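# Per-entry structural report
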Amino acid sequence: KPDEALALYDKTTALWPESLAAAKERAELLEAQDRKKDAAQGWLLTAKLERRPYDAYLKAAALLAQDGDRATAEEVYKQALQANPTDSTLLTTLGKLAAERGDKEGQRAYFARAVENQPDDLDLQRALALAYLEKGENAGAERHLQEVLRLKPEDQEAHVALARMYMAAGK
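Being a predicted model, the structure only gives us computed values, none of them experimental. (Residues numbered from 1 in each chain as written. Predicted model: local features only at pLDDT ≥ 70, side-chain atom pairs only at ≥ 80, totals over all residues. Heavy atoms only, no water.)

### Topic: the packing of aromatic side chains
As enumerated under the stated definition, the model contains zero aromatic pairs in all. The ring of Tyr-132 has Arg-143 lying over it, and the distance from NZ or CZ to the ring centre is 6.0 Å. (Phe/Tyr/Trp six-rings, centres within 6.5 Å; stacked < 30°, edge-to-face > 60°. Lys NZ or Arg CZ within 6 Å of the ring centre and 35° of its normal.)

Here you go:
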């Protein structure tokens, strides 16, 4: 009887707002009911009560993104980043969200931070190279395409991108 359980959790959190267990279980129940926005708010409350709020922020942000509220999701992901500033997956997600809203500088900055933490990640190196190519910054693109080739010497896309870049530069 999830609706009755939710009503009891609502009463519990109203009477005992500092109860981490009640807040977390309420958020889980809302998520199980596929009430994304409400569940996200529940996870945000959980994050406020947690000593280590990183996971709660990630859950809230993911639910907000799934619900279509990408802007709020991005802000919550930034809160998660404060709790774990070296998470390459999170940095990549923030880079993609920045790109979605047209912030190419933000995209490159997040991807660059992700690459610093995971220099041997082929997909990150490729994403950063493409971000530099889009901006027309050939030096940055070349550096990261070379890293792609270091990681995967037979990568045809990187070879083609470098060849096009070199031909355009008259090399």
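The rest of the description comes next.
### Some thoughts on the packing of helix α7 (residues 104-117) against helix α8 (residues 122-135)
Relative to each other, α7 and α8 sit at 150 degrees, their axes nearing to 9 Å. By the criterion of interaxial angle, the relationship of α7 to α8 is roughly antiparallel. Between α7 and α8 lies a crossing of left-handed hand. Every residue of α8 that contacts α7 at Lys-104, Glu-105, Gln-107, Arg-108, Phe-111, Ala-112, Ala-114 and Val-115 is listed here: Leu-124, Gln-125, Ala-127, Leu-128, Ala-131, Tyr-132, Glu-134 and Lys-135. Its residues placed into classes, the contact of α7 with α8 shows nine nonpolar, two polar and five charged. (Axes fitted to C-alpha atoms, helices over the stretch in contact; angles between N-to-C directions. Helix = DSSP H or I, 4+ residues; strand = E, 2+ residues; numbered from the N terminus. Parallel < 35°, antiparallel > 145°, perpendicular 65-115°, else oblique. Left-handed = near helix turned anticlockwise from the far one by under 90°. Contact = heavy atoms within 4.5 Å. Nonpolar A, V, L, I, M, F, W, Y, C, P; charged D, E, K, R; others polar.)

### Section: the side chain of Thr-92
By the secondary structure assignment, Thr-92 is in helix α6 (residues 88-100). Excluding residues within four positions of it along the chain, Thr-92 makes contact with Phe-111, Ala-114 and Leu-124.

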